[in-house]
Structure formats: C-alpha cells, structure tokens
Amino acid sequence: MPLFDPIEKRAYNALTREWREISMPFDLPLPKKLRSLWKVKVQDKEALYEEPHVTIWRKASKWRYSLRSRAFLDKKPDPGEIPKEVMDLIHENFDELIRQWDERFPTNRVAEEDGDDSN
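All figures in this text were calculated on a predicted structure; none of them were measured in a lab.

What counts as what
- Residues numbered from 1 in each chain as written.
- Predicted model: local features only at pLDDT ≥ 70, side-chain atom pairs only at ≥ 80, totals over all residues.
- Heavy atoms only, no water.
- Helix = DSSP H or I, 4+ residues; strand = E, 2+ residues; numbered from the N terminus.
- Buried < 20%, exposed > 50% of the residue type's maximum accessible area, 1.4 Å probe, protein only.
- Contact = heavy atoms within 4.5 Å.
- Areas by Shrake-Rupley, 256 points an atom, 1.4 Å probe, with all protein chains shown as cover.
- Polar contact = N/O pair within 3.5 Å; in protein donor to acceptor, adjacent residues only side chain to side chain.
- Core = buried A, V, L, I, M, F, W, Y, C linked by side-chain atoms within 4.5 Å.

J.: Quick question: what am I supposed to make of the overall build of the chain here?
T.: When helices and strands are tallied, the chain shows 3 helices and 7 strands. When its helices and strands are written in sequence order, the chain yields β-β-β-β-α-β-β-β-α-α. Per-residue burial for the chain yields a buried fraction of 31% across its 119 residues. Pairs at least 24 apart in sequence give 37% of the contacts found in the chain among residues at least 6 apart. When the accessible area of the chain is evaluated, it comes to approximately 8400 Å², of which 51% is carbon and sulfur surface.

Now the structure itself:
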C-alpha cells in the first residue's frame, strides 16, 4: 500500500492505520509584475499558539501580518519595504485569507470564540 497519495493529497499513518489530509500552503495570486519578487501565503505549518497571520515573502526576507489586528507582528525587516500594491491585494482579499487560515487552523481561528462579533 502506498503511504502517500499525491492526487488526493493525503498520507497513510501506519500507527493509527488511517489516512489524513495533507495541508498545503495557500498562495495569494499576485499579478505577474509582483509575482517575480513577492509571495503572500497562509502557511500550513504554523505553531498553534501563533496569532493568525499571512506571511509576505521577498527572497529570503519575510514579514508576518496579523489577520486579527491588521498590523505587522515583527519590526524587522522594515514593513515599509513592502509595495503598496502588495498590501492593497492583501486587503482586497482579506476575507479569503481569513477563510484559508481558519481552514488550516480550526483551533486557532481568526475570529476568537468569545462571543464578541466586533471583529
């Protein structure tokens, strides 16, 4: 029996004898002129305690942008280096980015489960 099924995106755990879905990162589609240098992703392997965020990549540099507070989580590298066009695309697609995070991390959803709908 194969232990990985790339078509169904699942793997077999021999200990539990169960198939599990393999999560994949979500890449926000960017226009060609931005795509050559920039990537915006909801990663699939984040720590469960981390604040929900998207990761913005340029070569080896990366920034984490909060899906809850809409603020950068790190001071370095300088968030001012990110083009306005990239940030505009993040804000235009914010609902989809939240949906993608919540799908990957159901125990750490963007809208906290405290009954507060103000978010």
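What follows picks up the thread again.
J.: Would you mind going over the side chain of His53 with me for this structure?
T.: Counting through the fold element by element, His53 comes out in strand E6 (residues 53-58). Polar side-chain contacts of His53 include one of 3.3 Å to the side chain of Glu46. Engagement of the side chain of His53 in a polar contact is seen with the backbone oxygen of Glu51, the distance being 2.7 Å. In contact with His53, not counting residues within four places along its chain, are Glu46, Arg64, Tyr65, Ser66, Leu67, Leu73 and Trp101.

J.: Looking at this model, I keep getting lost on the environment of Val42. Mind explaining?
T.: Position of Val42 among the secondary structure elements: in strand E5 (residues 38-42). Sequence separation between Val42 and Met24 is 18 residues, and the spatial gap between their C-alpha atoms is 9.1 Å. Aside from chain neighbours lying at most four places away, what touches Val42 is Pro25, Phe26, Val54, Leu97, Gln100, Trp101 and Arg104.

J.: Sorry if this is basic, but what is going on with the nonpolar core here?
T.: Here is a general trend for soluble globular proteins: nonpolar side chains tend to be buried in one another's company. If you look at the biggest cluster of nonpolar residues, it comprises 22 residues, and the most contacted ones within it are Ile56 and Ile90. For this core, the secondary-structure elements that each account for two or more residues are E5, E6, strand E7 (61-66), helix H2 (84-92) and helix H3 (94-104). Considering every element that reaches this core, the biggest residue donor is H2, with 4 residues. Other than its neighbours up to four places away in sequence, Ile90 contacts Leu28, Val40, Val54, Ile56, Tyr65 and Leu97.

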